[in-house]
Structures are given as C-alpha cells and as structure tokens.
Protein chains: 2
Amino acid sequence: MAITTTHFTLPQSEIPTHWYNLMADFPQPMQPPLHPGTKKPASLEDMTAIFPENIVRQEMDPTREIEIPEEVRQIYALWRPTALLRAIRLEKALQTPAHIYYKYEGASPAGSHKPNTAVAQAYYNKQAGTKRLSTETGAGQWGSSLALACRMFGIECVVYQVKVTYNHKPYRKLLMNTWGATVFPSPSEHTKFGKKVLAEDPDSPGSLGIAISEAIEDCVTHPNTKYSLGSVLNHVCLHQTVIGQECIKQMALAGEEPDVVVACVGGGSNFAGIAFPYIQQNLKKGKKIRLLAVEPSSCASLTKGELRYDFGDTAEMTPLMMMYTLGHKFVPPKIHAGGLRYHGMSPMVSHAYKLGLIEAVAYGQKKVFEAAMQFAQCEGIVPAPESSHAVRGAMDEAIKAREEGKKRVILFNLSGHGLMDMPSYDSYMSGNLAE
Amino acid sequence: MAITTTHFTLPQSEIPTHWYNLMADFPQPMQPPLHPGTKKPASLEDMTAIFPENIVRQEMDPTREIEIPEEVRQIYALWRPTALLRAIRLEKALQTPAHIYYKYEGASPAGSHKPNTAVAQAYYNKQAGTKRLSTETGAGQWGSSLALACRMFGIECVVYQVKVTYNHKPYRKLLMNTWGATVFPSPSEHTKFGKKVLAEDPDSPGSLGIAISEAIEDCVTHPNTKYSLGSVLNHVCLHQTVIGQECIKQMALAGEEPDVVVACVGGGSNFAGIAFPYIQQNLKKGKKIRLLAVEPSSCASLTKGELRYDFGDTAEMTPLMMMYTLGHKFVPPKIHAGGLRYHGMSPMVSHAYKLGLIEAVAYGQKKVFEAAMQFAQCEGIVPAPESSHAVRGAMDEAIKAREEGKKRVILFNLSGHGLMDMPSYDSYMSGNLAE
C-alpha cells in the first residue's frame, strides 16, 4: 500500500565531487585577516605557524568549485549522502499548512556534521606531513570528529575540551578516547595560558576562546604539530557545503523548493554548509530563498554583537578577523548548547549577514529545549542542544505559516543528535534549566 | 573521480511490504507453548491475559508472508531502509581476502533494530484498545524503542530496567523519559515479585528474567494494560525480517552474495531478522549460506544450554516454551552486553538450531570489546556491546579466510551503536573488564 514519501535518499555516486566556495560569488569582497602586531593583511607565513600550507592556501582560495580529494570522498561514503526527511508528524502536531524538511547530519559516526571538515583537514595535514593535531572542543562534537578523522589517517590527536562540558557530558570524552585521542579539560595545567586562567579563577568553566588559546599554544610548543579548527574559518565553511549541495538534489526528489532554510549558528559552519549553496541559487539563479541563522540569546554574536576586527581566541594568538563579535574576552553563560558558546561569528557568515544575504534570530534555551522535546516525540530523533536551535527556528516558521494561513516549505539542518547530551535533557525535564 | 562503492542505499519505496514467516518453511513443525499448570498447548485465552488478541493470533499464524500495516511502514520510513556498508578499512587492517559487509540497524532513532518490532507491537495494541504497555529492558535498547513507539501511538509506557544497567548507563533511562516513558530499576518495590527478590537479596543486580516477571505482574494488576516483549517470541522474530529482506536486495546491488551471515543472539530477534530470509533462500532456492549466531560465553544458551520446555521468566508466569535454556532461575554475570543476559533462546531460533539450519559460537567479553575497538577505529561507528559479538564473529570468519587463502563474503548485522554504552568502553580501555 502507498505511504507518504518522507525519506529521500541518494546513492553513494551522488556524494558531491566539489565543495562550493561562496567567496567567488560575494557581491563585495571580504576583508582579509590581519596580523595582530602589524595590523597588515596576514601573510601565508603568518598562518603556517599553526596550519599546514595546503590548508592556508585553501583558506585564501577564491575558486568557485574546489575538487574534493578521492580519499576524502571515500571516507564521506561511510555516512554520506545523508538522508533528507519530511517531518509529517511534526507538521500535524503544529497544525500547520507548512511542509517541514530536515537534513539529518547526525548520521555520521561522530553524530554531527563536523566530520565533513575533520576528514578533509586530517587528509590535508597528512599530505603535509603533520604527525600530531591539536584542537579545542565545546560539547565534544568537534573533538570527537577530529579524533575519528585523525584515527583514519594515522595522526595523533590532542583535544582541549571546555571544562563545563568535559564534566557534564563524560561520554564524549570516552568517545574521543575510543578513537585514540587524548583529552584535557580546559583551562588545563598543560599550557601556560591554561595555568594563568586557573590562577585567576580556579573555578573557571572554560570557554571556546580559552580552549582555542590552549590548543594553539600546544601546537606551537610541540614538534610536528599543527592546529585544527572546527568552525569559523573559510575552509571549514567550504568543506561543509556538501550538506547544501545534497539538499538541493534531495528537495528536487521531493518535488519542492524551500522558501526558508534554517540552521543554528555558533561559529557558523553547519549554517554555512546548508545555506551557502542556496545563497548561490539566490545570487546566480534569481531565487528568493530566505536563509535563517538561529543563535542562543545568551551568546548572540550576530544579533547582539558588533562587526569589527577581533581575535578568534582569548589569549590573542590568532590573526584578527572581521566578524560579528561579543568581544574575545567574553565568557558565555554555561548553557547546554556547548557548541554555540563562541564569542565570534565566521567571517564568511558575518559578511553574508552584513550584505543582507541572510537573516538571524536568537532564542533562550528553555524555548529551544521545548522545541527539541516536541520534535523528539514526533519524529523520534533526539536533537543535539545546538541543533535544537534550528528546530525552534523551523517550528516558529511553521507556526507563522499557520497563523498566516499560507503554505510554506521549510528546510532545516538537523546538524547532530543529542544521544550523548542526555544530561541536558535531564536538566530540562527536571525543571533545572536556567533561561 | 571514482571511489570504491561501500555504501548501498535503497529508496523508501523498497521498504518491505511483508514480513517473512519462517514458520511456513520449517522442515519440521515447532513444538507449541504449554500452559504451565495443565501442560497442555497454551490457548488463545491463556495468552490474551497479557497480550492483545491480534498479536496472539499473529504469534500463532503460520502464513509465509504477512502484510505490514501502512501505519507501521510510514513510521519505518523515519529510518528505513537502513544502509548496507562494506568495511573496506577493516578488511585492509585484517589483511584478509574476505569482503566484509554490515547492515547498520543503529540508524533508528533509538539506535538499534528494536523499533522494527516496537512500532508493530504498539500499532497492534493501539488497534486493540490498549492504553498502557508494560515491558522489561536490559541495556535499554528495547525499553527506549518501545517508549518511542508508544509515544507515536499515544500509549502510556512503563519499563522495568535491569538494575545493573539502570545504574551503569543512565543515559538510556533519560532517553526513555524524553519519549515519555516511566522507568523503574528492577528488582523494584513496585511489584510483589520485585519485593520478594529484594527481600532475599537486597543487592540483586537484577536479570531479564526478573524484570519480565515484574512487567507481567504490572500488566495483570493494572487496568487497560498489556505486556510487550522485545525478543524471543515468534511475532518479534517476524517483525525483524525487514532486515534480511533489505539485505538481500542490497547485496544484489553490491553484486555479491554472502557465504556467511553473522549476528549476535540474546533472545534471538536481531539474528532472526537478518538470518530467516536467508534460511528461506537455503530451503527454497538451494543456496548454501551459513548462518552464524554469536552469543556471550557467560550466558550461552545455544552452545551451553539444553533444549527443553522452560519458563520465559523467573517467577514462572509465562507459558512454557521449547527452547535452549540455561534454566529460568539462572542469573547471568554482570557483563556489559546487557541485552544478551537472558537465560533462554527464541523458540524459532532454537528450532532452527536443532534442525541444523544455523550454527552458533560463544565469546568472552574481552575478545568482543577488542573487536569492537578495532571496528570503531577502522569504520567509525562504535558498536553496541551486544552487536560487538557479531563484529567479533565476522572478524574471525575474515581471519579464517586469510589463513585459508580464500575469498569469502561475510555479512553481519550491526544491530546497534554503542554511543549510550560508553561506560562499557571505559571499563575496557581502563583494563577493568572482567572476562
């Protein structure tokens, strides 16, 4: 008997062969990163202290389509193409005429979209002769993804995890260990900067900014070590564009086109991944698809920050980047969406926002978990606290469609599952969630 | 550029329309369940005290193909068809000429194959007017699956979870709560039988047999309540056959046919799911595909138990079933594969074993976790401790192929992921795993 088609799959042969680079299509050029000392545009040499040259070149490359190496696509095939689904039970529960679709990036072994760039970065580092990679992680989605990718290419992996989540969500650390990584709670005693923060505040919950500083210090003080960042930078946004490219094909299978595409933003990578290929459709094909970034109101760089040059880390070790920022000394409240606790926004996403190519909205975490619970009870999948911001945004778009009595096609990125974040759901269910 | 095809997907339209019933093809008939008092074959009325009539009729139905209701297939479409993958990195690590394929049932929202039957059972109960379902769970894979299914059909769900796992793996309980279920650690104070067990041994770790007794007592002492079992019974094996049916289509896409199909066995349901459609191929099409059941050596009903009538639960409340059993009073050691800690084996799987249609092997948990770690490091996905038994079995088949210098096509069922079982991996990695 016929059932409604809600699950749209693509064969392995449809894994994109190229990443899409929005830099080639921006109506105005981006501002370059600056050397923190000279305030002049950062040179290749400035960047290769912490990144391998091939990645720095890609970071600056304005080519529209960049070929995905075969070795990377072979690993993508472990979980890609990911499914696109239509949330018919959620539509019914919301009594909305809207159609709600979601791209499920939680299907990767690490449970989020992060391996899309982790695998690429580990590959390029392997090519460049890197033996060891250092990084930071908030909730652990990024750290576990890099741990997985490093294991696949035989690179040692060291992760500085923001202390509040290290303690609150112990399963993520164990997952990183299973894939062979070493994990330190940050601020740690393993770096000078970590010791300095601890001396000033022994109870510091940590932040992504602090953890980045520790990971960079670890990189520059260890032999054959490079640093890897899971969001913010241009090459990270680039690698994530496999998401949106697959969505365009899958929405065609569904016979619809989105009116609005929604994703959460912390550093900006999963939003970039789903949104940038649609921005291209707007710019090049005259489409009018809205792109909506959803951020936490307690760490709302787009809607409450200012656009200016700022450091990517707390210790002022990175180049200055032109971005929406709350200030690099900002320590966000201990919200459950650890992956969104970052003071700045990706320069590419910031530029798109400045140019009016995208919209942004912010929510408090109670409204976010309320949406996550309803989604889980309708559609099964338990969303990660970060991705739950996108769920909230998509649901509110669907509710607006009901109120306006209009059909609307909504697509959102379910960037990860929350199976390793159950303590956050516990806080919500037991009424202990701070707003 | 061309990469090796390792990921075999089917569109939603290929979700099977029927379940396959091996009962129709057994060369000799099965022995019926017996009433524990009269020792005569259990009647419909004997069974409807705890199950709805439509499920009891299905339990006894010898029809070869049973149509899957549309409402059930619509929910299956949330995660089905699941992917079939080829483990090329594991093959390389083992230096084997064998091809290793795995069916990934961990893609369901609950993370295992269990929703295949949970959704069907919740549907039939809804049809029969059931308002509340009671059940037991070991590691929590089954309890969370029934919680999910009940939520989809608006049925209240009460779960008795074996105490050792309730305490050791708290995320599973939280997942059940997220989907609206109530969870008690078993033995509990909520039933007479639970109280009796606690009076005799306040530190009892619990067992599936005890938890089943509590769930059945809960069922018969509450209004509008039925009981649901996640393994062992004929209708459960039946519902799982969507797995093997999809595999047959996907192996054809891969252009190969398995020489051996491997799955873990506790109560027997995921093994039945992947193996029974292949047994049909052997019986009806003259194929010679080996079917290998892998059990834990500490609870090895097939390889160390005896074939006789025994109770399904500790308190002697179920009908007597003809099965391989370690005795219904057996309390298995506290191994990490909580879902395999059951004294008996599904009557259908037992019958297949007796008739020589399948093989069995048992492993201690250290060798099992060793295999799980290697799989996770090669293929990314962290297997559930239960499913890791199948990984061990498949790897040993691949190693044998290497030793014999023969190509061999191995297919195993990766019945669930281990992301909520990280404390078990912690025990292994820290050297605290008892053999």
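Residue numbers run consecutively from 1 along every chain, following the written order of its sequence. In the order they appear in the text, chains get letters beginning with A and ligands get numbers beginning with 1. Reporting of local features is limited, given that this is a predicted model, to residues whose pLDDT is at least 70; pairs of side-chain atoms are given and counted only at 80 or more, and all residues count toward the totals for whole chains, interfaces and linings. Only hydrogens and water are set aside when side-chain values are computed; all heavy atoms of the structure are taken into account.

Student: Go over the domain arrangement of chain A with me, naming the residues and quoting the values.
Tutor: All names here are of chain A. All domain edges in this entry derive from an automatic or database-based domain assignment. For chain A, the assigned domains read domain 1 (7–15 + 70–112 + 240–429) and domain 2 (19–67 + 114–234). Spacing between the C-alpha centres of domain 1 and domain 2 amounts to 21 Å. Taken residue by residue, the interface counts 64 residues in domain 1 and 60 residues in domain 2. Put simply, buried area is the surface a 1.4 Å probe can reach on two separate parts but cannot reach once they are joined, added for both. Between domain 1 and domain 2, a total of about 5,200 Å² is buried, with carbon and sulfur atoms accounting for 68% of that surface. Basic side-chain nitrogens of Lys or Arg form a salt bridge, by our definition, when they fall within 4 Å of a carboxyl oxygen of Asp or Glu. The tally of links between domain 1 and domain 2 comes to two salt bridges. The helix count covers DSSP runs of H or I at least four residues long, the strand count covers runs of E at least two residues long, and both are numbered beginning at the N terminus. For the side of domain 1 that touches domain 2, the secondary structure elements donating two or more residues are α3 (70–76), α12 (242–254), α13 (269–285), β12 (306–311), β13 (320–325), α15 (347–354), α17 (385–404) and α18 (422–429). Each residue gets one of three labels, nonpolar for Ala, Val, Leu, Ile, Met, Phe, Trp, Tyr, Cys and Pro, charged for Asp, Glu, Lys and Arg, and polar for the others, Gly among them. Its residues assigned to classes, the side of domain 1 that touches domain 2 shows 33 nonpolar, 21 polar and ten charged. Whether two residues are in contact is decided by their heavy atoms, any of which lying within 4.5 Å being enough.

Student: Lay out the interface of chain A and chain B in plain terms, naming residues and giving numbers.
Tutor: Between chain A and chain B, the contact holds 56 residues from the first and 56 residues from the second. Around 4,700 Å² of area is buried between chain A and chain B when both sides are counted, 58% of it from carbon and sulfur atoms. At the junction of chain A and chain B, the tally comes to zero salt bridges. Counted as a polar contact is a pair of N or O atoms within 3.5 Å, where, for protein atoms, one must be capable of donating a hydrogen and the other of accepting one, and residues adjacent in sequence contribute only when both atoms are in side chains. Where chain A packs against chain B, one counts 22 residue pairs in polar contact (both at pLDDT 80 or more). For the side of chain A that touches chain B, the elements supplying multiple residues, two or more each, are α3, α4 (88–93), α6 (141–153), α8 (170–178), α16 (365–379) and α18 of chain A. Broken down by element, the residue count for the side of chain A that touches chain B peaks at six residues, all from α8 of chain A. For the side of chain A that touches chain B, the class distribution of residues is 32 nonpolar, 14 polar and ten charged.

Student: Quick rundown of the pattern of salt bridges? Include the residues and the values.
Tutor: Residues and elements named next belong to chain A. Counted according to the given criterion, the structure contains 46 salt bridges over all chains. We note a salt bridge from D310 to R308, for which the minimum N-O separation is 3.9 Å. For K400, the salt bridge identified is with E397, shortest N-O distance 3.4 Å. Taken as a pair, K400 and E397 lie in helix α17 at a separation of three residues, close to a single helical turn. Under the relative-accessibility criterion, E397 is labelled buried at 2%. One salt-bridge network, in which partners are shared between bridges, spans R290, E359, E397, K400, E404 and R408. The rule is simple: take the accessible area with a 1.4 Å probe, protein chains only, and divide by the maximum for that residue type; under 20% is buried, over 50% is exposed, in between is partly exposed.

Student: A description of the relation of the copies chain A and chain B should follow, citing residues and the corresponding values.
Tutor: For the match of chain A to chain B, the screw axis carries a shift of 0.0 Å, the RMSD comes to 0.0 Å, and the turn is 180°. Such values leave the two copies arranged in the relation of a two-fold axis. Mapped onto chain B, 100% of the interface residues of chain A are again interface residues, and the two copies thus contact each other with one and the same surface. Least squares is the method used to superpose the copies, on C-alpha atoms of residues holding a pLDDT of at least 70 in both.

Student: Just give me the short version of the packing of aromatic side chains, but keep the residues and values in it.
Tutor: All names here are of chain A. Only Phe, Tyr and Trp rings are paired, with Trp represented by its six-membered ring, and only when their centres lie within 6.5 Å; those with planes under 30 degrees apart are stacked, over 60 edge-to-face, the remainder tilted. Per the stated rule, a full pass over the model turns up 27 aromatic pairs over all chains. Residues Y102 and F375 carry aromatic rings whose centres are separated by 5.1 Å and whose planes lie at 80° to one another, so their mutual orientation is edge-to-face. You can see Y102 sitting in strand β5 (residues 99–104) and its partner F375 sitting in helix α16, a full 273 residues away along the chain. Its relative accessible area of 0% is what places Y102 among the buried residues.

Student: I'd like to hear about the confidence of the model for chain A, residue by residue, with values.
Tutor: When pLDDT is averaged along chain A, the result is 96; 100% of the residues meet or exceed 70. As scored by the predictor, the complex reaches a pTM of 0.97 and an ipTM of 0.96. One number per residue, pLDDT, summarises how confident the predictor is, and it ranges from 0 to 100.

Student: Could you give an account of helix α17 (residues 385–404) of chain B, naming the residues involved and the relevant values?
Tutor: Take the number of residues in a helix, subtract one, and multiply by 1.5 Å to get its expected span. A rise of 1.5 Å per residue sets the reference length of α17 of chain B, with its 20 residues, at 28 Å; its end C-alpha atoms lie 29 Å apart and thus fit the reference within 8%. Positive phi appears at G405 of chain B, one or two residues downstream of α17 of chain B, with a value of about 65°.

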